[in-house]
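What follows is each chain in one-letter form.
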2 protein chains.
Amino acid sequence: MQRGTNLGRLGDFNQAVIFDSIRRAKDGVSRVELAESTGLSPQTISNVVRRLLDDGLVREDRTVVSGPGKPRTVLELETNRLMAIGIHLDPGLISLVMLNLRGEVAVHKRLVAPEVGDPADTIGIMASAVEELIEESGQPRDRIVGVGVAAPGPLNPAAGIVSGPPLLDGWTEVEVVKPLAEKLGLEVLLEKDTIAAAIAELWNGDEEEDQNFISVYVGTGIGVGMVVGGEILRGVSNNAGEIGHFSVGEKAAPCECGRDDCLAGVLSFAHLSAKAREAGLPVDAGEDAGVAARAEAMNTFVRLAVEEEPAAVELLRGFCARTADMVGQLVNVLDVDKVIVGGPIWAEVGHQNIDEVGEIINERFSVRSIHGVRVVSSTLGANVGAIGGACAVLDAALSPKASALLLR
Amino acid sequence: MQRGTNLGRLGDFNQAVIFDSIRRAKDGVSRVELAESTGLSPQTISNVVRRLLDDGLVREDRTVVSGPGKPRTVLELETNRLMAIGIHLDPGLISLVMLNLRGEVAVHKRLVAPEVGDPADTIGIMASAVEELIEESGQPRDRIVGVGVAAPGPLNPAAGIVSGPPLLDGWTEVEVVKPLAEKLGLEVLLEKDTIAAAIAELWNGDEEEDQNFISVYVGTGIGVGMVVGGEILRGVSNNAGEIGHFSVGEKAAPCECGRDDCLAGVLSFAHLSAKAREAGLPVDAGEDAGVAARAEAMNTFVRLAVEEEPAAVELLRGFCARTADMVGQLVNVLDVDKVIVGGPIWAEVGHQNIDEVGEIINERFSVRSIHGVRVVSSTLGANVGAIGGACAVLDAALSPKASALLLR
């Protein structure tokens, strides 16, 4: 049922819709075409376009000849008018990207296996990396609309706090947004990494077909982001997508939740490295290994799989099958028609496993007689979390209050 | 990100919002108050109210004095201008309700343990029951906007087909909407029963607080409906909410999906009656029992629990704990802040189990440091599925195209 909670924003909503149409038009779009595609009146189009031109977000200086009749003047995105930065804080990897208004990566940067044990140090490292990124980009600072930090959950985005991700030792109720904003003099927002990855897929997906999907993030941890009816499913505290404590029906590692048969346990580094040791693979960071040592051991494991070391490939296959099985159940819950798998580890090994993952998900899907589930690898590569952080900034900036942000 | 897919409906959207505001105002609402609460212009309010008055959906013949100043004329819902009928086709129970525009039950009817083995017969039974309901209500037939059938999934609502619910033997790809509409001369829609229950809860919930919840339907089967940001989560084929094939981590009954540790298996009648037999309870419909015999045996079991027969109470407690555990995991996935448990069986035994269910769900919730989960029993009683079917009709009729339906 419609509830009208966004009524105060209808004007801004129109602006967001028109801007989005211009943003998506690869070859420009005329005012007449905008009126047709949005259903808005020529007067409304005219008013909104005037504001967008004044703000420098679009330009209107090119005519296009298509068929008979007079050439039409087209509106085009001023692609680099605003830029957004995304940072993905992953225990094994800090990656950064800068996106333009079209969502294209202008520059990117990666810190492999950083020492993330001390939050204050890590925030300093992130701030320096942002400064370097801006310098490398050559973009004037006043074009940067903000910085989106994608971090593992649970977190408290409204308060700008990372609450205590199981894989980030020492990160309990750590303020991230405030210190980073102070260091950088930029607006900063926080988004759960798996949700950020889904935002990135939505931004880069097809406007018609990619409106109901689960995105699976395979990095140091595993989680999902969900898009339903073209909207990101964030949850009331922005922590949606936690799947780690579903039972997998067999004993694995003891889990912090008190059980020993959780998905998180089966997919944990502890369990994986134990299995790898049994298989004679050199993947062991030791019991008391820190975040960085575990991340390196994980990288070793992934490299072995990429090099098609049989035991590593087989272990990874089991890992993927487990995940696929659970994702198939989530497809049952949400009744989506697409699954996009991505993240830093998947970027390396996805091609080896995507077919079987697709089969398992479809086999688990209980209404497969009515529709199938397209299962694909993300095209966004290892930076999907960082790209999502930046897309979240663009979302916040452009929809529905672009002008307000430009007025800083 | 906003995508503007509903743009062509902005006018109708305004109408739906204004009508919803009038509908929800218990003591009438003035045009000035409407302008304040919706943010729409007085001109828009005036145009829409004129249409609603012309359609007879609201009236404006009462003045209210509140404080100093001249008495204000208030708009009020013409509560009985349109009525909607809901039918819940449950293997053990066919229930029917007629709702007025406020969503209040005007009349209801129940067929316990009907013979649902033959779809054509059952559709005939449903049609006769609708005729009786209309007659009992004393409402003129032209006020009935439609009939909403809530049925177990999987189904294909777009095609009006029940596809093959595991608990309804003989119902494979059965057309329901078309024959029922032909018999009744009324518009008919089909909705999955667990989704219908969620629609009922949304219609009857608090406009502010009840916007993100899971509703758990406990009837012959168990399923969930989900509401996120005030919107029903239906899924691309309207089959969302299937939770039966999650692993519960222990062997139970063999499941049609090929496993033997599914939630559906643990909660199945076969498993329950086997456990009941072990406990010496007279709950056994026999291996080849039909739908009706199983439903009766289930009713016997529920009656024993209600009468506090210790073995029945204990068995039911385990059943509820299993369900609560799984729902807690779903709360993790969706990050909602409320769970509403309802349905015919819950209406009988909910008071015995709601506290423990609430504890388990909150214990399973992984971001409980950030917010809690309110777990309550539905106030809608055993008819929640049928009420949801009727609410789905009201939704379709009022939002956003009331006038179109009135023009029949």
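Remember, it's a predicted structure, so these values are computed and weren't measured experimentally.

A. Structural context of the overall build of chain A. Looking only at helices and strands, one finds 13 helices and 15 strands in chain A. Dimensions of chain A, computed from the C-alpha atoms along their principal axes, are close to 75 × 55 × 45 Å. Buried positions account for 58% of the 408 residues belonging to chain A. Sequence-distant contacts in chain A: of pairs separated by 6 or more residues, those separated by 24 or more amount to 62%. Total accessible area on chain A is roughly 16,000 Å²; 48% of this is exposed by carbon and sulfur atoms. In chain A, 36 positive and 58 negative side-chain charges are present, and the distance between their average locations comes to 6 Å.

B. Local environment of the pattern of salt bridges. Counted according to the given criterion, the structure contains 46 salt bridges over all chains. Measuring nitrogen to oxygen at the nearest pair gives 2.5 Å for the salt bridge that ties Arg 259 of chain B to Asp 325 of chain A. Linking Arg 259 of chain B in the loop between β13 (231-232) and α7 (263-266) with Asp 325 of chain A in helix α10 (residues 310-334), this pair reaches from one chain into another. Here Asp 325 of chain B makes a salt bridge to Arg 364 of chain B, at a shortest N to O gap of 3.0 Å. Here Asp 325 of chain B, found in helix α10 (residues 310-334), pairs with Arg 364 of chain B, found in helix α11 (residues 344-364); they are 39 residues apart in sequence, far enough to count as distant. Relative accessible area serves as the criterion here: at 12%, Arg 364 of chain B is assigned to the buried category. One salt-bridge network, in which partners are shared between bridges, spans Glu 209, Asp 210, Asp 337, Lys 338 and Arg 374 of chain A.

C. View of helix α8 (residues 269-278) of chain B. All names here are of chain B. Taken together, the buried positions of α8 are occupied by Phe 269, His 271, Leu 272, Ser 273 and Ala 276. Tucked into the core, α8 has its buried residues touching α7, α9 (291-306) and α10. Trailing α8 by a residue or two, Gly 280 shows a phi angle of about 80°, which is positive.

D. Examining the relation of the copies chain B and chain A more closely. Under the fitted operation, chain B is carried onto chain A by 0.0 Å of movement along the axis and a turn of 180°, and the coordinates agree to an RMSD of 0.1 Å. Here the symmetry operator amounts to a two-fold rotation axis. Closest approach to the rotation axis among the C-alpha atoms of chain B is made by Gly 249 of chain B, whose C-alpha sits 1.8 Å away. Comparing contact sets, 100% of the residues at the interface of chain B also lie at the interface in chain A, consistent with an isologous, same-surface contact.

E. Seen up close, the side chain of Glu 201 of chain B. All names here are of chain B. For Glu 201, the position within the fold is in helix α6 (residues 193-204). Buried and unpaired, Glu 201 has Lys 338 as its nearest opposite-charge partner, separated by 7.1 Å. Residue contacts for Glu 201: discarding those within four places in its chain leaves Phe 213, Ser 215, Ile 340, Ser 378, Leu 380 and Val 384.

F. Representation of the nonpolar core in the model. In terms of nonpolar packing, the biggest core is built from 100 residues, with Ile 214 and Val 339 of chain A together with Ile 214 and Val 339 of chain B touching the most fellow members. Residue contacts for Ile 214 of chain A: discarding those within four places in its chain leaves Val 224, Gly 225, Met 226, Val 327, Leu 330, Val 331, Leu 334, Val 336, Lys 338, Val 339 and Ile 340 of chain A. Counting residues in hydrophobic clusters, the runner-up holds 46 residues, among them Leu 82, Leu 101, Trp 203 and Leu 380 of chain A.

G. Highlighting the packing of aromatic side chains. The tally for this structure, following the rule as stated, stands at 1 aromatic pair over all chains. Judged by centre distance (4.6 Å) and plane angle (5°), the ring pair of Phe 246 of chain A and Phe 246 of chain B falls under stacked. Placement of Phe 246 of chain A in the loop between β13 (231-232) and α7 (263-266) and of Phe 246 of chain B in the loop between β13 and α7 is noted, with the two residues assigned to different chains. For the pair Phe 246 of chain A and Phe 246 of chain B, one class covers both residues: buried.

H. Structural detail: the packing of helix α4 (residues 119-137) of chain B against helix α5 (residues 177-184) of chain B. Residue and element names in this part refer to chain B. Interhelical geometry of α4 versus α5 gives an angle of 40° and a closest axis separation of 10 Å. In terms of orientation, α4 lies oblique with respect to α5. Here α4 and α5 pass one another in a crossing that is right-handed. Along its contact with α4, which presents Ile 123, Gly 124, Met 126, Ala 127, Val 130 and Glu 131, the element α5 presents Pro 179, Leu 180, Lys 183 and Leu 184. When its residues are assigned to classes, the contact of α4 with α5 shows 7 nonpolar, 1 polar and 2 charged.

I. Fine view of the sheet that holds β13 of chain B. Residue and element names in this part refer to chain B. Read across the open sheet, the 5 strands follow the order β13-β12-β11-β14-β15; overall the sheet is mixed. The open sheet has two free edges, formed respectively by β13 and β15 (374-377), since each of these has just one partner strand. Pairing analysis gives 4 bridges linking strand β14 (residues 338-342) to β15, with the strands arranged parallel. In the sheet register, Val 339 faces β15, and the bridge partner there is Val 375. Contacting β11 (213-218), β12 (222-228) and β14, α10 runs over the sheet at an angle of about 155° to β11.

J. Structural view of the sheet that holds strand β4 (residues 93-99) of chain A. All names here are of chain A. Taken together, the 5 strands give an open sheet; going across it, the order is β5-β4-β3-β6-β10, and neighbouring strands pair in mixed fashion. Looking at which strands have only one partner, the edges of the open sheet turn out to be β5 (105-112) and β10 (188-192). Each strand of the sheet is rotated relative to its neighbour by a mean of 15°, with strand direction disregarded. The strands that helix α4 (residues 119-137) touches are β3 (83-90), β4, β5 and β6 (144-151); relative to β5, the one it contacts most, it runs at about 145°.

Thresholds applied
- Residue positions are given per chain, counting from 1 as you read along its sequence in written order.
- As they are written, the chains are lettered A onward and the ligands numbered 1 onward, keeping that order.
- This being a predicted model, a pLDDT of at least 70 is required before a residue's local features are given, and a value of 80 or more before pairs of side-chain atoms are given or counted; all residues contribute to the totals for chains, interfaces and linings.
- With hydrogens and water excluded, all non-hydrogen atoms of the structure serve as input to the side-chain values.
- A run of DSSP states H or I qualifies as a helix once it reaches four residues; a run of E qualifies as a strand once it reaches two. Both are numbered from the N-terminal end.
- Exposure categories follow from relative accessible area, calculated using a 1.4 Å probe and restricted to protein chains: below 20% of the type maximum is buried, above 50% is exposed, and the middle band is partly exposed.
- By definition, residues are in contact when any of their heavy atoms lie within 4.5 Å.
- To be clear on the numbers: accessible area is Shrake-Rupley with a 1.4 Å probe, and residue cover counts the displayed protein chains and nothing else.
- Positive charges are assigned to Lys and Arg, negative charges to Asp and Glu, while His and the chain termini are left out of the count.
- Charge positions come from single atoms, namely NZ of Lys, CZ of Arg, CG of Asp or CD of Glu.
- We define a salt bridge as a contact between a side-chain nitrogen of Lys or Arg and a carboxyl oxygen of Asp or Glu at a distance within 4 Å.
- Copies overlap after least-squares fitting; the atoms used are the C-alpha atoms of residues with pLDDT of at least 70 in both.
- By nonpolar core we mean a set of buried residues, namely Ala, Val, Leu, Ile, Met, Phe, Trp, Tyr and Cys, connected to one another through side-chain atoms within 4.5 Å.
- Aromatic contacts are taken between Phe, Tyr and Trp rings whose centres are within 6.5 Å, Trp giving its six-membered ring; a plane angle under 30 degrees counts as stacked, one over 60 as edge-to-face, and the others as tilted.
- Only the contacting stretch of a helix is used when fitting its axis, a line to C-alpha atoms as for every element, and angles between N-to-C directions run 0 to 180 degrees.
- In this scheme, roughly parallel covers angles under 35 degrees and roughly antiparallel covers those over 145, while 65 to 115 is roughly perpendicular and the rest are oblique.
- Two helices crossing with the near one rotated counterclockwise from the far one by less than a right angle form a left-handed crossing, whereas a clockwise rotation gives a right-handed crossing.
- Polar here means any residue other than Ala, Val, Leu, Ile, Met, Phe, Trp, Tyr, Cys and Pro, which are nonpolar, and Asp, Glu, Lys and Arg, which are charged; Gly is therefore polar.
- DSSP bridges decide pairing: two strands pair if at least two such bridges lie between them.

Read these as layout, nothing more, since geometry by itself doesn't imply function.
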